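Reading the structure
Chain by chain, the residues run as shown.
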Amino acid sequence: MKFFIDTANLDQIREANDMGILDGVTTNPSLMAKEGIKGHDAIMKHYVDICEIVDGDISAEVVSTDFEGIIEEGKKLAALHKNIIVKVPMIKEGVKAIKWFTDNGIKTNCTLVFSAGQAILAAKAGAKYVSPFIGRIDDSGWDGVQLIEQIAHIYNVQGFKTEVLAASIRSANHIIRCAEVGADVCTCPLEPILALLKHPLTDIGLAKFLEDAKKFQ
Ligand code: G3P
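Residues numbered from 1 in each chain as written. Predicted model: local features only at pLDDT ≥ 70, side-chain atom pairs only at ≥ 80, totals over all residues. Heavy atoms only, no water.

A closer look at the overall build of the protein chain
- A count of helical and extended segments in the protein chain gives eleven helices and eight strands.
- The C-alpha atoms of the protein chain give 19 Å as radius of gyration, which agrees with the globular expectation for 217 residues (17 Å, within 12%).
- Based on the C-alpha atoms only, the size of the protein chain along its principal axes is roughly 70 × 40 × 30 Å.
- A total of 217 residues make up the protein chain; the buried ones form 48% of that total.
- Considering only contacts in the protein chain between residues 6 or more positions apart, those separated by 24 or more positions represent 57%. (Helix = DSSP H or I, 4+ residues; strand = E, 2+ residues; numbered from the N terminus. Rg over C-alpha atoms; globule rule 2.2 N^0.38 Å. Buried < 20%, exposed > 50% of the residue type's maximum accessible area, 1.4 Å probe, protein only. Contact = heavy atoms within 4.5 Å.)

As for the UniProt feature "active site" (unreviewed entry) in the protein chain
- When the UniProt feature table is mapped to this numbering, "active site" (unreviewed entry) covers Lys87.
- Mapped onto the elements, lysine 87 comes out in strand S4 (residues 84-89).
- In contact with lysine 87, not counting residues within four places along its chain, are Thr26, Thr27, Asn28, Ser59, Ala60, Glu61, Val62, Asn109 and Thr111. (UniProt positions renumbered as here; feature names shortened; annotations may be inferred.)

Focus on the site of the ligand
- Lining the immediate surroundings of the ligand are Asp6, Asn28, Leu31, Phe133, Arg136, Ala167, Ser168 and Arg170.
- Contacts to the ligand include asparagine 28, whose side-chain N or O atom sits 2.9 Å from an oxygen atom.
- A distance of 2.9 Å separates an oxygen atom of the ligand from a polar side-chain atom of arginine 170.
- If the ligand stood free it would expose 310 Å²; the protein chains cover 81% of that surface.
- Its residues assigned to classes, the shell around the ligand comprises three nonpolar, two polar and three charged. (Near = heavy atom within 4 Å. Polar contact = N/O pair within 3.5 Å; in protein donor to acceptor, adjacent residues only side chain to side chain. Areas by Shrake-Rupley, 256 points an atom, 1.4 Å probe, with all protein chains shown as cover. Nonpolar A, V, L, I, M, F, W, Y, C, P; charged D, E, K, R; others polar.)

Notes on the sheet that holds strand S5 (residues 108-113)
- Spatial ordering of the closed barrel is given by S1-S2-S3-S4-S5-S6-S7-S8, a layout of eight strands whose pairing is parallel. Ignoring strand direction, the axes of neighbouring strands in this sheet form an average angle of 30 degrees.
- Sheet topology note: the strand S7 (residues 163-166)/strand S8 (residues 185-188) ladder contains two bridges and is parallel. For alanine 166, the partnering residue across the bridge sits in S8 and is cysteine 186.
- Across the sheet, helix H5 (residues 92-103) lies against S4 and S5, angled at about 155 degrees from S4, the strand it touches most. (Pairing = 2+ DSSP bridges. Axes fitted to C-alpha atoms, helices over the stretch in contact; angles between N-to-C directions.)

Description of the pattern of salt bridges
- In total, this model carries eleven salt bridges according to the counting rule given.
- Put simply, arginine 170 and aspartate 139 hold a salt bridge, and the shortest N to O gap is 3.0 Å. Of this pair, arginine 170 sits in the loop between S7 and helix H9 (172-180) while aspartate 139 sits in helix H7 (residues 134-139), placing them 31 residues apart in sequence.
- The salt bridge partner of arginine 177 is aspartate 143, with a shortest N-O separation of 3.7 Å. Of this pair, arginine 177 sits in helix H9 while aspartate 143 sits in the loop between H7 and helix H8 (144-158), and the two are 34 residues apart along the sequence.
- According to the relative accessible area criterion, arginine 177 is partly exposed, its value standing at 29%.
- One connected set of salt bridges, linked through shared partners, spans Lys208, Asp212 and Lys215. (Salt bridge = Lys/Arg side-chain N within 4 Å of Asp/Glu carboxyl O.)

Let's talk about the packing of aromatic side chains
- For the structure on display, the rule yields four aromatic pairs.
- Judged by centre distance (5.7 Å) and plane angle (80 degrees), the ring pair of tryptophan 100 and phenylalanine 101 falls under edge-to-face.
- Judged by its relative accessible area of 0%, phenylalanine 101 is buried. (Phe/Tyr/Trp six-rings, centres within 6.5 Å; stacked < 30°, edge-to-face > 60°.)

Things to note about the pairing of strand S1 (residues 2-6)
- Among the five residues that make up S1, four are buried, leaving the element largely enclosed by the rest of the structure.
- Sheet topology note: the S1/S8 ladder contains four bridges and is parallel. Bridge pairing in S8 links lysine 2 to valine 185.
- Pairing analysis gives three bridges linking S1 to strand S2 (residues 24-26), with the strands arranged parallel. In the strand pairing of S2, aspartate 6 is matched with threonine 26.
- Each parallel crossover has a hand, and the one from S1 via helix H1 (residues 10-18) to S2 is right-handed. (Right-handed = clockwise from strand over helix to strand, strands pointing away.)

Spelled out as structure tokens, the structure:
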């Protein structure tokens, strides 16, 4: 399973990248706004800055909702860097745009996916990634990980090449469960990634080893 970090915060991207386990970055307009990145030029520069930190797929989201607008924005984003993946919302115009991008050699991430039916459409259109938002599904009283399992199963049975990118991850347990059910990628904030490191017996064991090591110094 690939690890992407879901943030536009350059310090957090660097920290995850320095661990050597990062395969890419996902962003969205809310994450860009959270970092105070405003205006077309600043946003474009920020994507390039991210591409210079991480050598992997970097999702940059369009904000148009009509076919022509999505295509125009997507072409500009894709031209920024070879690693840019154009993130397109799961709407009718978005599906049409994903097919156009696929036919024209531009890779896409279909976002805001909440059902298996939407995931089938994204795969049919040729999206490189499909992003089901598992935390938001859990928030609504459904089971986000179950949806990841269902989509992974359908893609496997049908031979779709689209990768299942589990998004809206809120905890270390989400990451573990997504790995169990066959997600190809998980994208999450830095905190759940760091939470994977933690176990009290590791801390206790290390303290004892270091204490015993002093006896031989
Ligand atoms: O990748 C999608 C993600 O940014 C949404 O996360 O926590 O806002 O549901 P969240």
